[in-house]
Each structure stands twice: as structure tokens, then as C-alpha cells.
Amino acid sequence: MSQLVFIAFQDNDNARYLVEAIQEDNPEAEVQHQPAMIRIQAEKRLVINRETMEEKLGREWDVQEMLVDVISIGGNVDEDDDHFILQWN
Amino acid sequence: MATKNKKLNLKDRYQYLTRDMAWEPTYQDKKDIFPDEDFEGIKITDWSQWEDPFRLTMDAYWKYQAEKEKKLYAIFDAFAQNNGHQNISDARYVNALKLFLSGVSPLEHAAFQGYAKVGRQFSGAGARVACQMQAIDELRHSQTQQHAMSHYNKHFNGLHDAPYMHDRVWFLSVPKSFFDDARSAGPFEFLTAISFSFEYVLTNLLFVPFMSGAAYNGDMATVTFGFSAQSDEARHMTLGLEVIKFILEQHEDNVPIVQRWIDKWFWRGFRLLSLVGMMMDYMLPKKVMSWSEAWEMYYEQNGGALFKDLERYGIRPPKYQDVANDAKNHVSHQAWSTFYQYSQATNFHTWMPEKEEMDWLSQKYPDTFDKYYRQRFEHWDKEHAEGRRFYNNTLPQLCQVCQIPTIFTEKDDPTMLSHRQLVHEGERFHFCSDGCCDIFKHEPEKYVQAWLPVHQIYQGNCEGEDVETVVSKYYHINIGEDNFEYIGSPDHKRWLAIKGESTGKKADSTDQNAA
């Protein structure tokens, strides 16, 4: 059986960079656009890397900044200073 | 940068600012300080194993919450100043907000009280900090929802006394009793009920597709509070999953206790969500996703992945999940039928779907809508057109546990009402399902005390003997304004006046939305 993790963001300017960074680091991820929101799902694992986000934004970025724009998640969370990972074991 | 090196990393900061702020009591027995920690039978051997994956500390919490609030209130101001209520798709939509404000917002407040209470009852510092933050979040949700909807209260009926109604109105006892059940349970059951079963497994269905639908129907204020609240929920959901894993890892004796709570609270949550199913399929004039599709995405798919992950702890998917999955094609229609018949006693209006909406339902529910529901709806529509709008004047029989009228049907047999009964200490009790009956059987001493609105009316405890007196005096529903059919209601007339005025002007932005 397929075991998908997902994350949903408000469809705003911040999310644009998050989606770009996620697509770059998770080429298999599927991006779904729904009214006012963007939902991204992937098999088993999805990662957001601080380094990729900082490249996209051209500034320093704290992983916890995404708390402002995230709507929902599915999967076990592993967060530290460099990444935010969702995964099913 | 030198300053950057001085900053503690996330893990250390969390350690210093949560765990290291706690202390071991020296002159009081721990059992006296935390007297509720043991009675449910949950065994905790090492609280330090508690993990908060977001590692949120109080300083970071205030920083990000303040940012969310500033964004949110800027939008509320803009919405009110620009008469945002005139840009919604149709005023029928506002009825979903009336249900939300009287049915859901008071639950946010109940959640605030619940987390404030259980946060005091755990001897582990990590759990206490997490509960404290969640209590503040829930209070924020209750407040922001009331602030968002106060603008609608200036222009539409039925929003004037939501907390008062929550404690009294018949159908609002469904959400109220759900949270009262959780809050009167022990601290670990409360976390399993609300943090795990409700937040993790089920709230996505309310706050994600419904809020996306609010956006699609032009309600900027609601989608903004909804998503702002949901950004906190992402943390709560993570906590919910961690709570379950923590309890299960602490002791094998915890597994059967937690499994029973998961079974109970999945079923209770599923029943509660019947209201949301109806909001999505019938109360959003512009449709985003059917209830059935939302259930498939957020329960069958996401919930399936979750329970597969929990298998290694000896946890199986909730009992009666098969009944719930089968019901995804029925509950919204059955709930809407019921509210349509009892609109004389609700703080919101109901209506029969327009032809295009019926066609949408036929398309989204190919195996059920035409076969079991459409003909009845068309019949009611015809009756209404001929001056006989149908209202049911017989008070319904309620389920002793979920308190929903016994309106649901059997799995795989949608023409058979689902009804269970049993005799407990000489008294007969009625249930909507095996799920609710099982919950009663396990704790009859709790559920015999249920405050069932229909019984209370018949016992004369609701300020009157007839429905009209109960509705006006006891519920504070303004008769002829808040209740009955939508077509021809004061809200409907006001909406036509808004649209009539605006269509006279050229290039009015509201015209695009009305089209």
C-alpha cells in the first residue's frame, strides 16, 4: 500500500519559495493546487532544507519560519536547524 | 558571523528552556502534586523520552504567533472596511458560518480549558509546556473566530448568541457533548481523544477542504482565520502523534487501553463530522471537493498511512472504520435531510439544492445520490413550490452517546435505519450504531447522565412545552428571522437587495463574484 506524507501551505508569496525548494529537493513530490492552498505529497518522505530555501530567498532563513504558512502535515516530523523532514517508517 | 555562533541550536535551546526549567519536588510527594496521572492505568516509566519535534520554546512561540496575529487582523480590518460580506458567492453560504460559530468556536474554547487543565496534571515538563502552548492556541482560535464572524453578525441573522446557544440548542449538544466527554475523562484519554484522534486524524477534514471552500466562495475573513488556526494545528497534530508514540513506547500494558480510546474517539469524531460533511456538500454554493472525496484523501489515504506506521506498536486501525468508509457516500445527504426538516428549530436556514447543485451531487455520488436521495429532495422542492414547505413536527429520537438523531443507515443497506438498544439497570437506552453502543457499554455510568435535548424538552426543563416557546425563550432563536427556509427569509431579501443595488452600477466587483 502507498504511504504518502503531505504538507499544505497557504497559497501566498512565502509558499512560492517553499514549493520551489521542495520541488528541487524532492523531484518525485506531487504538487496540488487547491483554492487558497498548495498541497504537496510524496511517497514516504519529504524534506525541506534550510540551505535550498536560503538560496531561493537570497537571505538567511530559519526553519521555524515555515510555521507561519503551513496549514497541515501528515507524517512523523523531524526538525532541526538545517531541515524539516516528514516521514513514515 | 560571530553572533551566529553564539546562538544555541534548536535542540539545546529546547532543552534549556523547557526541561531544565523544571525541578524535582523535595518536600511534597509527587503523587500528591499530580494525583490524576495514574488512575487510567497508563504506565509512564520515563518522562524524559517525551519528544516535541518542533522544539518550540516560549520565545519563538510568541514571535511566530504575534506575526500570525498581525497578518490575520490586517485582513479582518480590510474585509470589514471593504464590506467583504458583499463579495461572497451567495448568502446561503453564511449559514455555514452560523453553524461554525455556534458549533465549532465554543469547542475551541473547550479545548483551551481542556489543555489548561491537563497541562497541570502531567509530571513531565515537556508535556506541560506543550499543553500550555496548545491551551493558548485554542484560546486564540476561539477569539479570532468570533472576531472574524462579528462582521457577518452586523449584516445577517442567527449569529447573535452563539455561546448561549451552544449550551442549549438540540443539535449543538452533538459537538458540546463530544468535548464534555473528552474533558471529563482522564488526562491521557483527553490527549488521545483530542490531540490524536481529533487533531491528527480528523480536523484536516474541517479546516483544510472546508476552508479552501470558504476561499472559493469569496470569504476572505474565514479562510484566513481557518488557515491561521490550522497553522497551529500542524503543531498540534505533530504533538498528537508524538503523544501516542510516547504512551505506547512507555509500557506494553498501555497498548490495549490506547487502542480502545482510539476506537472510541475515532467513532465519536466521525459522527461529529457528519455536520462538516453537510457543510461541504450543501452549504458551499461554489463547490471545491465533495465530502466523499475529502474523506478519501484525508481519512482513507492519510489515515491509512498513519495506522500503517502505528502497526509496529501493535495498534490496528479503528474498529468500525469499514462502517465509516461506507458512510462517506451517505452521511452528508442524511444530515442535510434532517436539518431541512427541522429548520424551525435551528439558528440557520436550510434549502433544497438548485438543479445544478443536484446534478453536481449526482455526479459526485453516482452510486447513492440519485438512487436514495434525489427523488426525496425533488419531492420536497415541489411541495415547497406549491406552498407546502415541509417541516417535521415530531421530535427525533437521539442516540444516547453521540446525541445525533438516529438518522443513519446500516452499512451496505442504505434503506435500513441503524438502531441499537439495550437495557441497563432496568432502563432502556437507544443508539445510532454499534460504535456508539460499544462506547456506552464500556462506561454506562458516564453516559446514563447524558443531557439529551429532546428528553429535556419533554421533561419540561427548557422553559416551555411546545417547540416555538423552547426555540424562542430557551434557545434565543428569533423566530421568523434566524430559522425556517432560506428562500424568502430576511437574509435572502437582504442579499437580493445587496445584489440589486450593485448590479445597477457598472464594473462593480461584486458582479463578477455573483456570475
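Residues numbered from 1 in each chain as written. Chains lettered and ligands numbered in written order. Predicted model: local features only at pLDDT ≥ 70, side-chain atom pairs only at ≥ 80, totals over all residues.

Draft legend 1. Up close: the overall build of chain A. Per the secondary structure count, chain A includes two helices and seven strands. Of the regular secondary structure in chain A, the N- to C-terminal order runs β-α-β-β-β-α-β-β-β. For 89 residues, the compact-globule formula gives about 12 Å, and the C-alpha radius of gyration of chain A, at 12 Å, lands near that figure. Referenced to the eigenvectors of the C-alpha coordinate spread, the extents of chain A come out at roughly 40 × 30 × 20 Å. Scored against the burial criterion, the 89 residues of chain A give a buried share of 44%. Look at the contacts in chain A between residues 6 or more apart in sequence, and 62% of them connect residues 24 or more apart. (Helix = DSSP H or I, 4+ residues; strand = E, 2+ residues; numbered from the N terminus. Rg over C-alpha atoms; globule rule 2.2 N^0.38 Å. Buried ≥ 20, exposed ≤ 12 C-beta atoms within 10 Å, placed from the backbone. Contact = placed C-beta atoms within 7 Å.)

Draft legend 2. The arrangement of the interface of chain A and chain B in detail. Counting residues at the interface gives 27 residues for chain A and 31 residues for chain B. Among the elements that make up the side of chain A that touches chain B, the one with the highest residue count is strand S5 (residues 70-74) of chain A (five residues). When its residues are assigned to classes, the side of chain A that touches chain B shows 14 nonpolar, eight polar and five charged. (Nonpolar A, V, L, I, M, F, W, Y, C, P; charged D, E, K, R; others polar.)

Draft legend 3. Molecular detail of the sheet that holds strand S3 (residues 37-43) of chain A. Ordered in space as S2-S3-S1-S5 (chain A), the four strands form an open sheet in which the pairing is antiparallel. The two strands at the open ends of the sheet, each matched to only one other strand, are strand S2 (30-34) and S5 of chain A. Going from strand to strand, the sheet's axes swing by 15° on average, the running direction of each strand aside. As paired elements, S2 of chain A and S3 of chain A share five bridges and run antiparallel to each other. The residue bridging Gln34 of chain A from the neighbouring strand is Met37 of chain A, located in S3 of chain A. With respect to the sheet, helix H12 (residues 220-250) of chain B is in contact with strand S1 (4-10) and S5 of chain A, its orientation differing from that of S5 of chain A by roughly 30°. (Pairing = 2+ DSSP bridges. Axes fitted to C-alpha atoms, helices over the stretch in contact; angles between N-to-C directions.)

Draft legend 4. Inspection of the sheet that holds strand S7 (residues 83-87) of chain A at higher detail. All names here are of chain A. Here we have three strands laid out as an open sheet, ordered S4-S7-S6, and antiparallel in their pairing. Every other strand in the sheet has two partners, leaving strand S4 (45-49) and strand S6 (76-79) as the edge strands with one partner each. The average angle at which neighbouring strand axes cross in this sheet is 10°, direction not considered. Pairing geometry for S6 and S7, over four bridges, is antiparallel. The partner of Asp78 across the bridge, within S7, is Ile85.

Draft legend 5. Just the packing of helix H10 (residues 187-207) of chain B against helix H15 (residues 291-310) of chain B, in detail. All names here are of chain B. At a minimum axis distance of 10 Å, the contact between H10 and H15 shows a crossing angle of 160°. Classified by the interaxial angle, the pair formed by H10 and H15 is roughly antiparallel. In this structure, H10 meets H15 at a crossing whose hand is right-handed. Between H10 and H15, the contacting residues are Val201, Asn204 and Leu205 on the first element and Ala294, Trp295, Tyr298, Tyr299, Asn302, Gly303 and Leu306 on the second. Residue composition of the contact of H10 with H15, grouped by class: seven nonpolar, three polar and no charged. (Parallel < 35°, antiparallel > 145°, perpendicular 65-115°, else oblique. Left-handed = near helix turned anticlockwise from the far one by under 90°.)

Draft legend 6. Seen up close, the pairing of S4 of chain A. Residues and elements named next belong to chain A. Here S4 shows a buried face lined by Leu46 and Ile48 and an unburied face lined by Arg45, Val47 and Asn49. Where S4 lies against S7, five bridges are found, and the strand directions are antiparallel. Paired with Asn49 across the strands is His83, a residue of S7.

Draft legend 7. How the structure looks around the environment of Val118 of chain B. Tracing the backbone through its elements, the reader meets Val118 of chain B in helix H6 (residues 105-121). Filtering out sequence-adjacent residues up to four positions away, Val118 of chain B remains in contact with Cys131, Pro187, Phe190 and Leu191 of chain B.

Draft legend 8. Local environment of the pairing of strand S4 (residues 427-431) of chain B. All names here are of chain B. Here strand S3 (residues 420-424) runs beside S4; their pairing, made up of five bridges, is antiparallel. Its bridge partner lying in S4, Leu422 is registered against Phe429. What sits between the antiparallel neighbours S3 and S4 is a turn of two residues, in which Glu425 has the positive phi angle 45°.

Draft legend 9. Representation of the environment of Thr238 of chain B. With respect to the helices, strands and loops of the structure, Thr238 of chain B is situated in helix H12. By the C-beta count within 10 Å, which is 25 here, Thr238 of chain B ends up buried. For the pair Thr238 of chain B and His109 of chain B, spaced 129 residues apart in the sequence, the C-alpha separation amounts to 21 Å. Here Thr238 of chain B is in contact with Ile73 and Val77 of chain A together with Pro53 and Phe54 of chain B, once residues within four sequence places are set aside.

What is shown is where atoms sit, not what they do.
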